Every structure is written in C-alpha cells, then in structure tokens.
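Observations on the model geometry
Chain by chain, the residues:
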Amino acid sequence: MPRVLIVDDQKDVRAMVAIVLRVNHYDVVEADSGAAGLKAFSESAFDAAIVDIFLAETSGVDLMATIRERVPGFPIVAISGMTALDFIGEAPGLANVVCLQKPFRPNDLLQALQKAQQAARGEFSAAV
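Residues numbered from 1 in each chain as written. Predicted model: local features only at pLDDT ≥ 70, side-chain atom pairs only at ≥ 80, totals over all residues. Heavy atoms only, no water.

Thoughts on the overall build of the protein chain
So the rule is basically this: Every helix listed is a DSSP run of H or I at least four residues long, and every strand listed is a run of E at least two residues long, numbered separately from the N terminus. When a residue's accessible area, from a 1.4 Å probe over protein chains only, is under 20% of the maximum for its type it is buried; when over 50% it is exposed; and in between it is partly exposed. Contacts between residues were defined by any pair of non-hydrogen atoms, one from each residue, lying within 4.5 Å. Each accessible area is a Shrake-Rupley estimate made with a 1.4 Å probe; only the visible protein chains count as cover when residues are assessed.
Tallying secondary structure elements over the protein chain gives 4 helices and 5 strands in all. When the helices and strands of the protein chain are listed from N to C terminus, the series reads β-α-β-α-β-α-β-β-α. Within the protein chain, the fraction of its 128 residues that count as buried is 46%. Sequence separation of at least 24 residues holds for 62% of the intrachain contacts in the protein chain that already meet a minimum separation of 6. With an accessible surface of roughly 6400 Å², the protein chain has 53% of that area assigned to carbon and sulfur atoms.

In structure tokens, the structure reads:
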C-alpha cells in the first residue's frame, strides 16, 4: 500500500485529502505544519507527499525543497487555493512537482498523485 504524507495547516483540507486517499488504498500520514511534516518525513518512508504552498509558520516551497534535498526527484503534489502555481517548476530543486489548484475534485487529486509518481520514475515531465 503506497504511503503518502499530507502537509496542510487546514484541517478540513487534510481530512478530505486523507479520505480520498484512504478510500483508494493509500496509507496516509497527516501533518498540520511544515515542521510536523518534516519530522514525519524524517522518521518514516513515504512514496509521495502532498504539500500546501502556504503554511502558517513556513513556506510549503521551502518544505518541498528540503524534501527534495534529502530525496532528489521525490514525488510531490503542490496544492494551493491562493495563487497560480506555474512558478514551482522554475524553483531550484522542484522540477517535476505536480501542481493542483484548490478546490479540486477527488479524481483530480488521484491523477496528480499518479502523475507525480510517474514523473519521479522518469516516465514523463510533470511540467505545469
């Protein structure tokens, strides 16, 4: 069962994402902050991460960059409801991060996660 880390400071968003993933046979770990997400990532193995761009105490972009420093090419889906996400692919170390604009449908989330995993395996570019 693939294991996914969800990092979002909005409880309702985390809960919705977790439900969609669990129903689709993913093992899920939720984190309500960048620090909690980084701690979970350090303590466990994951197959992918879903990270909100705007977290209360830190930048989701910084968190994604730290994850990628530790595991280059790691599959990440960046989510945000506040901004266009097309800048992500230009950020150092964040090539092939898949971007998903809130609100999104469950199927959009699953497709983005699959695309991130395929991009990490080098099957194709995840350019926005």
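Let's talk about the UniProt feature "modified residue: 4-aspartylphosphate" (unreviewed entry) in the protein chain
Operational definition: UniProt positions are given in the numbering used here, feature names are shortened, and annotations may be inferred rather than shown by experiment.
Using the residue numbers shown here, the UniProt feature "modified residue: 4-aspartylphosphate" (unreviewed entry) corresponds to Asp52. For aspartate 52, a relative accessible area of 4% corresponds to the buried category. Discounting residues that sit within four places of it in the chain, aspartate 52 has contacts with Val7, Asp8, Asp9, Gly60, Ile79, Ser80 and Lys102.

Examining the sheet that holds strand β3 (residues 48-52)
Just so we agree on the cut-off: Pairing between strands is defined by DSSP: at least two bridges between them are needed. Lines are fitted to the C-alpha atoms to define the axes, a helix being fitted only along its stretch in contact, and any angle between axes, read from their N-to-C directions, falls within 0 to 180 degrees.
With parallel pairing, the 5 strands of this open sheet are ordered in space as β2-β1-β3-β4-β5. Looking at the sheet topology across the chains shown, the edges are occupied by β2 (27-31) and β5 (98-101). Taking the axes of each pair of neighbouring strands and ignoring which way they run, one obtains an average angle of 20° across the sheet. Where β3 and strand β4 (residues 76-80) come together, 4 bridges link them in parallel fashion. What sits directly across from aspartate 52, in β4, is isoleucine 79. Sheet strands touched by helix α4 (residues 106-120): β1 (3-7), β3, β4 and β5. Its angle to β5, the strand with the most contacts, is close to 170°.

With respect to α4
As a reminder of what qualifies: Take the number of residues in a helix, subtract one, and multiply by 1.5 Å to get its expected span.
Under the 1.5 Å per step criterion, the end-to-end length of α4 is 21 Å for 15 residues, consistent within 8% with the ideal 21 Å. Buried within α4 are the following residues: Leu109, Leu110, Ala112, Leu113, Ala116, Gln117 and Ala119. Those residues of α4 hidden inside the fold are in contact with β1, α1 (11-23), β3, β4 and β5. Two residues or fewer after α4 comes glycine 122, characterised by a positive phi angle close to 80°.

Considerations on the pattern of salt bridges
Definition in use: Any carboxyl oxygen of Asp or Glu that lies within 4 Å of a side-chain nitrogen of Lys or Arg is treated as forming a salt bridge with it.
Scanning all chains against the criterion turns up 7 salt bridges. Close ionic contact of arginine 3 with aspartate 27 constitutes a salt bridge, the shortest N to O distance being 3.0 Å. In this pair, arginine 3 is assigned in strand β1 and aspartate 27 in strand β2, connecting sequence segments 24 residues apart. Where glutamate 43 meets lysine 39, a salt bridge forms, and the shortest distance between an N and an O atom there is 2.8 Å. You can see glutamate 43 and its partner lysine 39 sitting in helix α2 (residues 34-43), 4 residues apart, about one turn around the helix. Accessibility classification places glutamate 43 together with lysine 39 in one group, the exposed group. Salt bridges linked by common partners bring Asp8, Asp52 and Lys102 together as one network.

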